[in-house]
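So you can see what is in the structure, the chains are spelled out below.
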Amino acid sequence: MRRICSPCFFTRRVSNTHQKVEHIQRSIGTMENPKEGNAYGVSEKQNGSTIKSRNGFPSNIILNHDFSRGLDSWNLNCCNGSVVSAESGSFEGISVKSGSNYAVITNRKECWQGLEQDITCRVSLGSTYSVSAFVGVSGSLQGYADIKATLKLEYQGSATSYLFIGRTSVLRQQWKKLEGTFSLSTMPDRVVFYLEGPSPGVDLLIESVVIFCSSPIEDESSRTRCAAEGDENIILNPRFEDGVNNWSGRGCKILLHDSMGDGKIVPQSGKFFVSATERTQTWNGIQQEITGRVQRKLAYEVSAMVRIFGNNITSADVRVTLWVQTPNQREQYIGVANSQVTDKDWIQLQGKFLLNASPSRVVIYLEGPPPGTDILVNSLAVKHAEKIPPSPPPVIEDPAFGVNIIQNSNLNDGSNGWFPLGNCTLSVTTGSPHILPPMARDSLGAHELLSGRYIIVTKRSQNWMGPAQMITDRLKLYLTYQVSAWVRIGPGATGAQNVNVALGVDNQWVNGGQAEVGNDRWYEIGGSFRIEKQPLKVMAYIQGPAPGVDLMVAGLQIFPVDRHARFRYLRKETDKIRKRDVILKFSGSGTGTPVGTFVKVRQTQNSFGFGSCVSRTNIDNEDFVDFFVKNFNWAVFGNELKWYWTESQQGNFNYRDADELLDLCKSYNMETRGHCIFWEVEGTVQPWIKQLNKNDLMTAVQNRLTGLLTRYKGKFRHYDVNNEMLHGSFYQDRLGKDIRANMFKTANQLDPSATLFVNDYHVEDGCDTRSSPEKYIEHIIDLQKQGAPVGGIGIQGHIDSPVGPVVCSALDNLGALGLPIWFTELDVSSISECIRADDLEVMLREAFAHPAVDGIMLWGFWELFMSRDNAHLVNAEGEINETGRRYLALRKEWLSHGHGHFNEQGEFMFRGFHGSYVVEIGTGSKKISKTFVVDNGESPLVVSIDL
């Protein structure tokens, strides 16, 4: 089987390494519909390399390009093929123009098998060739298939290499144009063009192929120009074949090497590598200015081959960073890629970036290891990111919703199916609850009683010891599983203990749910998980209490959830909670009842908050702003209001970014949340604050409150006062317990109009005992007892594999406090757009159907500008993906519209979502428009319409 490897660039020799990495290239020059006969005056008896037809256009170097002579001049690469004519009818529903032919390539056993043609004598050194082919697929497949154009380059005495030209993604019964370019800077002994790519068993269809010389390269400048026009590497001298030209040290020296360490370190590829040496700061490294070679609103992929050397450091973090300067002198540092790198092997760093604004300068550099440690770089590539078509929705056969995959869960057969994890002892006894835990009951509905038997684990010498069961063959990819169990611990523990249902997935730990458990009663554990890559083995086990403490487990359930059944229930709840009956009542002196008068009602805004995180750099991208203002009514700033942003150095204030974001929101009548005044987690506190003594820190805290809330008084509807108090205690440790309540009190005094929130994470998913709903409630009540005017509860919502009843249980518990709840930083992540869309729909529907929730803030929506990968609704270059389409569909579903006529009582009735409306009434002589608001209420809302 061929390996896949790096393509060569237009300006250097084709790599002899037998690898191939695929990147789409933009066509240099366009092809005007090669299906319309020979648009370029094809002369098929060609000798020499740069040939023109009689009409002066470049000739097609492909012989028998339209298969008018069958498969003459073509070779089948380990597969079968034939030519079909249009007159013989369509092939599996694929139609072509009358008089045309096309090749059908069948019996393909490998992706690389397809149709090829030797073009050795018809290509020349240094010239640029444009490729265009019309291709399709047939056979058994779901979704898109990739088709690629490739060159096979054979050198006498050297390994064969492959040059990727271009690719396209195509559906069945569809012709698609595949385009690309190539250039050769050394001449192989043999050059073969071929088409490949679809999965084995999928037939490859080819209607026509055109390759013409678009740019005979005469000098170095034209060669550089052509490379810039395609999707080739924008880094100059990327493999240091020209020494260190175009490179420089960023605060350090750079040196060229062919080996180091007594010959033990050699290039991973090519002949040379560079070291960034004599580094005295972590930001020192190797850099190249790429100003003028990057474009705004285009996504770029970055790949670097790196390692470290010296200073007795064996492993360190290495980062690829962009320094960007805008025309108004604003500076930005963009983290592109990072990885833990060793001194033993070359490691590939990979990442992506996009510039929202047109920069005046852009520099890319590598940094990160401790001072004194050299950064070694073998290569760096920056290319326009390949657009990968989305994967089709996963097909899950017989999902068996609600069926427990744990064997002998009720222990009717003793401990059969179970085994002790570690050197502990399992036994079965009776006395556990007979009812299902509440969260499982909400998912499963009516269910048989549990047996009352439970496993007791004794002689535990490690925290991880407990009952276990292998479940590899019972799991299905992409299904979301709910976890439920009763757990309890024996006597002898010092305080409550964490108990965790865990999964060992190929030696990686997956959290299935946690609870803080005592020995006084049985406790419910509820959680969820999903597997998206095929594992070799999966083990479910229960762990957690301290060594020597007995662990008891009853009724463990792991079952796939039927999300759509839950959605049906939530739609009914939403109708009860978010809608109200409305009566539009006609009035007006001197007029009769307007029976039959036409009425049109349209909701313009939902009173429920739908918002998103936005950052200052985002608003330089007009496409981002357009989606943002059209589809959200609230905003929160990602970093621009945080203390480390507004005062990174003591006394040096930056409110400019927040001011500009506020101006944008104000211009579109968007409400804003203030996130955040303080952040309790020590790792987020700027260094100068950490260096203050207690008195100076108290003064700085007071100055922060006064400066921020005085400046923005009345401009932020909400404030997160002290972020993540359940996960950090920086200010409390230094200033005492009262400081938290005092922050709330002072903030309320400075801006009484703002609702003051607590805000924390892992509240809703059952996977963190530090921030369980019970712990959050205790925390809020404690603040209130100290006089803190807590006005709202923030649940961040960074969640994986959400299950409705688990989320709803947390909302029910917190809702008992009577405070409004907001999801303040919601994001979900999955490599599958469809599964990600399902996850988002779960969270949106659960929140919208719950009476305690007043709003949802997404923690971003645009690719490359979110804190989590595979969480975006809009792809980097502006294409709305399946997750985004699902969000828009739900927003549309939750707006009410209607039309009809007044009845005999002069009334028009409808039931609509809470929010703002416009009603238009058409009488014989005029049209009347009126706005009104539907707020929450039990009785029908009567709106008088005065004609």
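Cut-off values and rules
Residues numbered from 1 in each chain as written. Predicted model: local features only at pLDDT ≥ 70, side-chain atom pairs only at ≥ 80, totals over all residues. Heavy atoms only, no water. Helix = DSSP H or I, 4+ residues; strand = E, 2+ residues; numbered from the N terminus. Buried < 20%, exposed > 50% of the residue type's maximum accessible area, 1.4 Å probe, protein only. Contact = heavy atoms within 4.5 Å. Areas by Shrake-Rupley, 256 points an atom, 1.4 Å probe, with all protein chains shown as cover. Salt bridge = Lys/Arg side-chain N within 4 Å of Asp/Glu carboxyl O. Pairing = 2+ DSSP bridges. Axes fitted to C-alpha atoms, helices over the stretch in contact; angles between N-to-C directions. Expected span 1.5 Å × (residues − 1). Arc of directions from axis to C-beta. Left-handed = near helix turned anticlockwise from the far one by under 90°. Nonpolar A, V, L, I, M, F, W, Y, C, P; charged D, E, K, R; others polar. pLDDT = per-residue confidence, 0-100. Parallel < 35°, antiparallel > 145°, perpendicular 65-115°, else oblique. Right-handed = clockwise from strand over helix to strand, strands pointing away. Phe/Tyr/Trp six-rings, centres within 6.5 Å; stacked < 30°, edge-to-face > 60°. Lys NZ or Arg CZ within 6 Å of the ring centre and 35° of its normal. Core = buried A, V, L, I, M, F, W, Y, C linked by side-chain atoms within 4.5 Å.

With respect to the overall build of the chain
Okay, step 1: Within the chain, the secondary structure is distributed over 14 helices and 45 strands.
Okay, step 2: Counting across all 947 residues of the chain, residues that qualify as buried make up 55%.
Okay, step 3: If you take every contact in the chain between residues at least 6 apart in sequence, the share linking residues at least 24 apart comes to 76%.
Okay, step 4: For the chain, the exposed area adds up to about 39,700 Å²; of that, 47% sits on carbon and sulfur atoms.

A word on the pattern of salt bridges
Okay, step 1: This structure, assessed with the given rule, holds 50 salt bridges.
Okay, step 2: Note that R167 and D146 form a salt bridge whose closest N and O atoms lie 2.2 Å from each other. Taken as a pair, R167 in strand 7 (residues 161-170) and D146 in strand 6 (residues 145-154) lie far apart in primary sequence, 21 residues in all.
Okay, step 3: According to the relative accessible area criterion, R167 is buried, its value standing at 14%.
Okay, step 4: Measuring nitrogen to oxygen at the nearest pair gives 3.4 Å for the salt bridge that ties E682 to R734. In this pair, E682 is assigned in the loop between strand 35 (671-679) and helix 7 (687-690) and R734 in helix 9 (residues 730-735), connecting sequence segments 52 residues apart.

Quick notes on the sheet that holds strand 19 (residues 361-367)
Okay, step 1: Read across the open sheet, the 5 strands follow the order 11-14-19-16-17; overall the sheet is antiparallel. Pairing within the sheet leaves two strands with one partner each, and these edge strands are strand 11 (248-250) and strand 17 (331-342). Averaged over all neighbouring strand pairs, the angle between strand axes comes to 25°, with direction disregarded.
Okay, step 2: For strand 14 (residues 285-289) and strand 19, the ladder comprises 3 bridges, and the chain directions are antiparallel. Of the residues in strand 19, the one forming a bridge with E289 is V363.

With respect to helix 12 (residues 804-815)
Each full turn of the α-helix corresponds to 3.6 residues, which orients residues three or four apart in the same direction.
Okay, step 1: For helix 12, which comprises 12 residues, the first-to-last C-alpha distance of 16 Å matches the rise-based estimate of 16 Å (1.5 Å per residue) to within 8%.
Okay, step 2: Among the residues of helix 12, those classed as buried are G804, P805, V806, V807, C808, A810, L811 and L814.

Notes on helix 11 (residues 773-785)
Okay, step 1: Its 13 residues give helix 11 an end-to-end C-alpha distance of 18 Å, which sits within 8% of 18 Å, the value for a rise of 1.5 Å per residue.
Okay, step 2: Those residues of helix 11 not exposed but buried are P773, Y776, I777, H779, I780 and L783. Buried residues of helix 11, viewed axially, fall in a sector of 160°; they line one side.
Okay, step 3: Packed against the buried residues of helix 11 are helix 10 (738-750), strand 37 (755-760), strand 38 (792-795) and helix 12.
Okay, step 4: The positive-phi residue at the C-terminal boundary of helix 11 is G787, with phi of around 90°.

Some details on the packing of helix 12 against helix 13 (residues 833-848)
Okay, step 1: Running from amino to carboxyl end, helix 12 crosses helix 13 at an angle of 35°, the nearest separation of the two axes being 10 Å. As helix 12 packs across helix 13, the resulting crossing turns out to be right-handed. Together, G804, P805, V807, C808 and L811 of helix 12 and V842, M843 and E846 of helix 13 make up the contact between the two elements.
Okay, step 2: Of the residues contributing to the contact of helix 12 with helix 13, the split by class is 6 nonpolar, 1 polar and 1 charged.

So, the confidence of the model for the chain
Okay, step 1: Mean pLDDT over the chain stands at 89; residues scoring 70 or higher make up 90%.
Okay, step 2: When the criterion is pLDDT under 50, residues 1-57 qualifies, and its contacts beyond four places in sequence or with other chains add up to 174 contacts.
Okay, step 3: Note on residues 218-230: pLDDT is under 50 here. Beyond four places in sequence and across chains, it has 13 contacts.

Let's talk about the sheet that holds strand 26 (residues 497-505)
Okay, step 1: As summarised here, the arrangement of the 5 strands in space is 21-24-29-26-27, forming an open sheet in which the pairing is antiparallel. Each edge of the sheet is formed by a strand with only one pairing partner; in this case those strands are strand 21 (419-421) and strand 27 (508-517). Neighbour-to-neighbour, the strand axes of this sheet turn through a mean angle of 25°, independent of strand direction.

Description of the pairing of strand 19
Okay, step 1: In terms of burial, strand 19 is a largely internal element, 6 of the 7 residues being buried.
Okay, step 2: Relative to strand 19, strand 16 (residues 315-325) is paired through 7 bridges, and the arrangement is antiparallel. When the sheet's bridge partners are listed, T321 is paired in strand 19 with Y365.

Topic: the packing of helix 11 against helix 12
Okay, step 1: The N-to-C vectors of helix 11 and helix 12 enclose an angle of 20°; their axes lie 9 Å apart at closest approach. The orientation of helix 11 relative to helix 12 falls into the category roughly parallel. As helix 11 packs across helix 12, the resulting crossing turns out to be right-handed. Taken together, the residues of helix 12 that come into contact with helix 11 (itself represented by P773, E774, Y776 and I777) are A810, N813 and L814.
Okay, step 2: Among the residues making up the contact of helix 11 with helix 12, the classes are represented as 5 nonpolar, 1 polar and 1 charged.

A word on the pairing of strand 38
Okay, step 1: Going residue by residue along strand 38, you find G792 and G794 tucked away on one face and I793 and I795 tucked away on the opposite face as well.
Okay, step 2: Alignment of strand 37 against strand 38, held across 4 bridges, turns out to be parallel. Counted as the bridge partner of F757 is G792 from strand 38.
Okay, step 3: As a crossover connection, the stretch from strand 37 through helix 11 into strand 38 is right-handed.
Okay, step 4: For strand 38 and strand 39 (residues 821-826), the ladder comprises 3 bridges, and the chain directions are parallel. By the bridge assignment, G794 is partnered in strand 39 with W822.
Okay, step 5: Once you follow strand 38 into helix 12 and on to strand 39, the crossover reads as right-handed.

Concerning the packing of aromatic side chains
Okay, step 1: Within this structure, the stated rule accounts for 39 aromatic pairs.
Okay, step 2: On the basis of an interplanar angle of 40° and a centroid distance of 5.9 Å, the ring pair of F610 and F848 is categorised as tilted. With F610 in strand 33 (residues 609-614) and F848 in helix 13, this pair connects stretches of sequence that are 238 residues apart.
Okay, step 3: Between the aromatic rings of F628 and F632, the centroid separation amounts to 6.1 Å while the plane-to-plane angle is 40°, which identifies the pairing as tilted. F632 shares its class with F628; the two are buried.
Okay, step 4: Among the aromatic residues, ring-to-ring pairing joins F624, F627, F628, F632, F861, W862 and Y887 into one connected group.
Okay, step 5: Across from the ring centre of Y523, 3.8 Å away, lies the NZ or CZ of R521, which sits over that ring.
Okay, step 6: When the ring centre of F567 is taken as origin, the NZ or CZ atom of R845, which lies over that ring, is 5.5 Å away.

Concerning the environment of E879
Okay, step 1: For E879, the location among the structural elements is in the loop between strand 40 (853-858) and helix 14 (882-893).
Okay, step 2: Under the relative-accessibility criterion, E879 is labelled exposed at 52%.
Okay, step 3: The spacing of E879 and W862 is 17 residues in sequence and 9.6 Å in space, taken between C-alpha atoms.
Okay, step 4: Dropping the residues within four chain positions of it, E879 is found in contact with L873 and V874.

Re the nonpolar core
Okay, step 1: L584, F628, Y719, Y731 and F932 are the most contacted members of the largest nonpolar core, which totals 101 residues.
Okay, step 2: Here this core takes 6 residues from helix 8 (residues 694-711), the largest share from any one element.
Okay, step 3: Excluding residues that lie within four positions of it along the chain, Y731 makes contacts with W643, F678, W679, E680, V685, I689, L697, V701, N722, G736, I739 and M743.
Okay, step 4: Judged by nonpolar contacts, the second largest core, of 37 residues, contains I62, F67, L195 and I211.

What about the side chain of N356?
Okay, step 1: For N356, the location among the structural elements is in the loop between strand 18 (347-354) and strand 19.
Okay, step 2: Under the relative-accessibility criterion, N356 is labelled buried at 5%.
Okay, step 3: Each residue touching N356, except ones within four places of it in the same chain, is listed here: R296, K297, T617, N618, D620, N621 and F865.

Quick notes on the environment of L756
Okay, step 1: Mapped onto the elements of the fold, L756 is located in strand 37.
Okay, step 2: On a C-alpha basis, the gap between L756 and G674 in space is 9.4 Å, while along the polypeptide they are 82 residues apart.
Okay, step 3: Setting aside chain neighbours within four positions, we find L756 in contact with Y719, V721, F744, A747, N748, P789, V790, G791 and G792.

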